[in-house]
Amino acid sequence: AHQPPFDDTINHKTILLGDSGVGKTSFLVKYNTGEFRLGSFSATVGIALTNKVVVVDGTRVKLQIWDTAGQERFRSVTHAYYRDAHALLLLYDVTNKTTFDNIRAWLGEIREYAQEDVVIVLIGNKADCSSSERQVKREDGERLGREHNVPFMETSAKTGLNVELAFTAVARQLK
Ligand code: GTP
């Protein structure tokens, strides 16, 4: 069968970032397996890895995806991994305003530790939650994305909303 063009030499290092509990592990598990379990993942300790190939416009883009720990005490460990990252998925939780307010600090760390041309996608996760649980409006996420010139989308690791789209958005910018 005909295979789309594939540059096997580049394995784009892609890192999931954001505060503890925003749903990074859930997001990656949903992407990998289509499964979601409420509250079943223990907090990530250090780093976990997974490999994926995303096809965008007929081009195969290879992603090596890193799930990092959001907890402050692991922060110094994860900084070391920013430097050679090609892409960053920066997550906050739409039901937790603090995680949104912390995005500015995350972007500061990214400016400090990552390559200047790193691809960033801003993600407001847990978009499945009810309006009474929601603490961050979609428009606030959109505005923050515009301000920092990064694409923004709301996602749900529970329903799968926009989970594939997020990785496609990354791959599209990398190809
Ligand atoms: P650290 O490993 O500590 O950095 O946390 P994390 O960002 O990996 O978060 P994790 O995936 O462990 O999810 C934290 C909690 O949020 C769990 O109880 C998940 O089930 C829940 N959760 C994650 N994503 C979603 C979502 O999209 N919707 C809802 N309703 N709950 C979610």
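Residues numbered from 1 in each chain as written. Predicted model: local features only at pLDDT ≥ 70, side-chain atom pairs only at ≥ 80, totals over all residues. Heavy atoms only, no water.

Notes on the overall build of the protein
In terms of regular secondary structure, the protein is built from 6 helices and 6 strands. Going from N to C terminus, the protein has its helices and strands arranged as β-α-β-β-α-β-α-α-β-α-β-α. For the protein, the residues scored as buried account for 47% of the 175 residues in total. When contacts within the protein are restricted to residue pairs at least 6 apart in sequence, long-range pairs at least 24 apart make up 74% of them. Total accessible area computed for the protein in this model is approximately 9000 Å², and 47% of it derives from carbon and sulfur atoms. (Helix = DSSP H or I, 4+ residues; strand = E, 2+ residues; numbered from the N terminus. Buried < 20%, exposed > 50% of the residue type's maximum accessible area, 1.4 Å probe, protein only. Contact = heavy atoms within 4.5 Å. Areas by Shrake-Rupley, 256 points an atom, 1.4 Å probe, with all protein chains shown as cover.)

Notes on unusual backbone geometry
One non-glycine residue, Lys126, adopts positive backbone phi at about 70°. If you trace the backbone, Lys126 turns up in the loop between strand 5 (119-125) and helix 5 (138-147). Look at Lys126 and you get partly exposed, because its relative accessible area is 25%.

Details of helix 4 (residues 103-113)
Among all positions of helix 4, only Ile103, Trp106, Leu107, Glu109 and Ile110 are buried. The arc that holds every buried residue of helix 4, seen down its axis, measures 160°, which confines them to one face. Turned more than 90 degrees away from the buried face of helix 4 sit Arg111 and Glu112, all of them exposed. (Arc of directions from axis to C-beta.)

Points about helix 1 (residues 24-33)
In an α-helix, one turn spans 3.6 residues; hence positions three or four apart end up facing the same way. For helix 1, a buried count of 7 out of 10 residues is recorded, marking the element as mostly surrounded by other parts of the structure. Among the residues making up helix 1, those that are buried are Lys24, Thr25, Ser26, Phe27, Leu28, Lys30 and Tyr31. After helix 1 finishes, the residue Gly34 shows a positive phi value of roughly 80°.

Describing the side chain of Glu109
Of note, Glu109 is situated in helix 4. Given the relative accessible area of 16%, Glu109 is considered buried. Leaving out residues up to four positions away in the same chain, Glu109 has contacts with Arg75, His79, Tyr82 and Ala114.

A short note on the side chain of His79
Relative to the elements of secondary structure, His79 occurs in helix 2 (residues 75-82). Engagement of the side chain of His79 in a polar contact is seen with the side chain of Glu109, the distance being 2.9 Å. For His79, the residues in contact, after removing those within four places along its chain, are Glu109 and Tyr113. (Polar contact = N/O pair within 3.5 Å; in protein donor to acceptor, adjacent residues only side chain to side chain.)

Quick look at the packing of helix 1 against helix 6 (residues 163-174)
The geometry of helix 1 relative to helix 6 is characterised by a closest axis approach of 9 Å and an angle of 90° between their N-to-C directions. By the angle between their axes, helix 1 is roughly perpendicular relative to helix 6. In contact with Phe27, Leu28, Lys30 and Tyr31 of helix 1, helix 6 contributes Val163, Glu164, Ala166 and Phe167. Here the contact of helix 1 with helix 6 is built from residues that sort into 6 nonpolar, no polar and 2 charged. (Axes fitted to C-alpha atoms, helices over the stretch in contact; angles between N-to-C directions. Parallel < 35°, antiparallel > 145°, perpendicular 65-115°, else oblique. Nonpolar A, V, L, I, M, F, W, Y, C, P; charged D, E, K, R; others polar.)

Thoughts on the pairing of strand 1 (residues 12-17)
Taken across its 6 residues, strand 1 has 6 buried, putting it largely inside the fold. The alternating pattern of strand 1 places His12, Thr14 and Leu16 on one face and Lys13, Ile15 and Leu17 on the opposite face, and all of these are buried. When strand 1 meets strand 3 (residues 59-68), the two strands line up parallel, connected through 5 bridges. When the bridges of strand 3 are listed, His12 appears paired with Leu63. (Pairing = 2+ DSSP bridges.)

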